[in-house]
Amino acid sequence: MAVFVALGAFLMTLAGGWTAQRVTDRRHLVLGLAGGLMLGVVGLDLLPEALRAADTEVYGVPAALLLFVAGFLLAHLVERLLAARRAAHGAEEHKRRAPEVGLTAAAAMVGHSLMDGVAIGASFQVGEGMGTAVALAVIAHDFADGFNTFTLTSLYGNARRKALAMLFADAVAPVAGATASTFLTVPEGVLGGYLGLFGGALLYLAAAEILPEAHHEHPARSTLLCTVAGAAFIWLVVGVAG
């Protein structure tokens, strides 16, 4: 049952990526929406879940928040190192955005979708009602995952075939995770730490890369509205799932 439900997540992820492809002529709107979706996922979904799962403290600060900050700084460090390396090899100033960053970010999205699949499988082991609730939440926000995976890969200058490959991997990941959940159990503390680290990296990409790029050439009100709409959509998904 869990694997069958995960197929819904597979289709929803592909739908999100397909939507991102179809509106490339409105790139600033796509990026504005992607930034809002990422902001909503981090602030309204990942971080609260991380704090619930990893409730231990280190010097008075929740471990999930420390890893959240570490994820933000790690993403910043990797992006700067790759940009500096490309500049040293003669890359032009406006082309310093490293494709590797996009692929790494997309790979992190795939890892997140894999954990979503594990969550679906584990929830069905608890009970059918719990499994259904978790599955609906995952399927709803997998549209945003697919949208963001394709957008992130493309934004950093990767070829369309690579963006499609990462989108397909992100779509397959929940099915693989649901299947794997029958053989393994992820400790709650480890899951919380992972969500905190991933949330910090995702917030960096949204705040330092996606949103500035969205407003760079088209500082329009419509772009801002897309960002707000993206965050509001995730709020709606979280509210319905809760």
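Treat the numbers as computed from the prediction; the structure is a model and nothing was measured. (Residues numbered from 1 in each chain as written. Predicted model: local features only at pLDDT ≥ 70, side-chain atom pairs only at ≥ 80, totals over all residues. Heavy atoms only, no water.)

Draft legend 1. Examining the overall build of the protein chain more closely. Helix and strand counts for the protein chain stand at 8 helices and 2 strands. When its helices and strands are written in sequence order, the protein chain yields α-α-β-β-α-α-α-α-α-α. By residue count, 43% of the 242 residues in the protein chain fall in the buried class. A separation of at least 24 residues holds for 82% of the contacts in the protein chain among residues at least 6 apart in sequence. As displayed, the protein chain has an accessible area near 11,900 Å², and 69% of this comes from carbon and sulfur atoms. (Helix = DSSP H or I, 4+ residues; strand = E, 2+ residues; numbered from the N terminus. Buried < 20%, exposed > 50% of the residue type's maximum accessible area, 1.4 Å probe, protein only. Contact = heavy atoms within 4.5 Å. Areas by Shrake-Rupley, 256 points an atom, 1.4 Å probe, with all protein chains shown as cover.)

Draft legend 2. Quick look at a nonpolar patch on the surface. Taken together, Leu67, Leu74, Leu77, Val78, Leu81 and Leu197 make up a surface patch of nonpolar side chains, about 480 Å² in accessible area. No other element matches the 5 residues that helix H3 (residues 63-88) contributes to the nonpolar patch. By the element assignment, Leu77 lies in helix H3. For Leu77, a relative accessible area of 47% corresponds to the partly exposed category. (Patch = residues over 30% accessible without salt bridge, like charges linked within 9 Å, V, L, I, M, F, W, Y side chains within 5 Å. Salt bridge = Lys/Arg side-chain N within 4 Å of Asp/Glu carboxyl O.)

Draft legend 3. Seen up close, the packing of aromatic side chains. Taken as a whole, this structure holds 2 aromatic pairs when the rule is applied. Here the aromatic rings of Phe10 and Phe168 are separated by 6.2 Å at their centres, their planes lie at 85°, and the arrangement is edge-to-face. Pair noted here: Phe10 is in helix H1 (residues 2-22) and Phe168 is in helix H6 (residues 160-180), with a separation of 158 residues, a long-range link. According to the relative accessible area criterion, Phe168 is partly exposed, its value standing at 48%. With 5.2 Å between their ring centres and 90° between their planes, Phe72 and Tyr204 make a pair best called edge-to-face. Linking Phe72 in helix H3 with Tyr204 in helix H7 (residues 188-216), this pair joins segments that are 132 residues apart in sequence. Owing to a relative accessible area of 29%, Phe72 belongs among the partly exposed residues under this scheme. (Phe/Tyr/Trp six-rings, centres within 6.5 Å; stacked < 30°, edge-to-face > 60°.)

Draft legend 4. Quick peek at the nonpolar core. If you look at the biggest cluster of nonpolar residues, it comprises 35 residues, and the most contacted ones within it are Met38, Leu46, Leu152, Leu202, Leu205 and Ile210. At the level of secondary structure, the elements contributing two or more residues to this core comprise helix H2 (27-53), H3, helix H4 (99-126), helix H5 (128-155) and H7. Residue contributions to this core peak at 10 residues, all from H2. Beyond its immediate sequence surroundings of up to four residues, Leu205 is in contact with Met38, Val101, Ala105, Leu152, Tyr156 and Ile210. Membership of the second largest hydrophobic core comes to 5 residues, among which are Ala6, Ala171, Val175 and Ala178. (Core = buried A, V, L, I, M, F, W, Y, C linked by side-chain atoms within 4.5 Å.)

Draft legend 5. Molecular detail of the environment of Leu44. Structurally, Leu44 is set in helix H2. Separated by 191 residues in sequence, Leu44 and Trp235 have C-alpha atoms that sit 6.5 Å apart. Those residues in contact with Leu44 that lie beyond four places of it in its chain are Ala231, Ile234, Trp235 and Val238.

Draft legend 6. Quick peek at the side chain of Thr227. With respect to the element layout, Thr227 can be found in helix H8 (residues 221-241). When its relative accessible area of 9% is taken as the criterion, Thr227 is described as buried. Apart from the residues lying within four places of it in its own chain, the contact partners of Thr227 are Gly32, Leu33, Gly36, Leu211 and His215.

Draft legend 7. Main features of H7. The terminal C-alpha atoms of H7, which comprises 29 residues, lie 41 Å apart, in line with the 42 Å expected from a rise of 1.5 Å per residue. Largest kink in H7: about 35°, centred on Ala206. (Expected span 1.5 Å × (residues − 1). Bend = angle between axes of the 7 residues up to and from the residue.)

Draft legend 8. Highlighting unusual backbone geometry. For Tyr59, which is not glycine, the phi torsion reads 50° and is therefore positive. Judged by its relative accessible area of 84%, Tyr59 is exposed.

Draft legend 9. Here's a closer look at H6. Its 21 residues place the ends of H6 30 Å apart at the C-alpha level, agreeing with the 30 Å of an ideal helix rising 1.5 Å per residue. All of the buried residues in H6 are Ala163, Met166, Leu167, Asp170, Ala171, Ala173, Pro174, Val175, Gly177 and Ala178.

Draft legend 10. Here's a closer look at the packing of H2 against H7. At a closest axis distance of 8 Å, the pairing of H2 and H7 adopts a crossing angle of 155°. Comparing their axes, H7 and H2 come out roughly antiparallel. In this structure, the crossing between H2 and H7 has a hand that is left-handed. The residue inventory of the contact of H2 with H7, partitioned by class, reads 18 nonpolar, 8 polar and 4 charged. (Axes fitted to C-alpha atoms, helices over the stretch in contact; angles between N-to-C directions. Parallel < 35°, antiparallel > 145°, perpendicular 65-115°, else oblique. Left-handed = near helix turned anticlockwise from the far one by under 90°. Nonpolar A, V, L, I, M, F, W, Y, C, P; charged D, E, K, R; others polar.)

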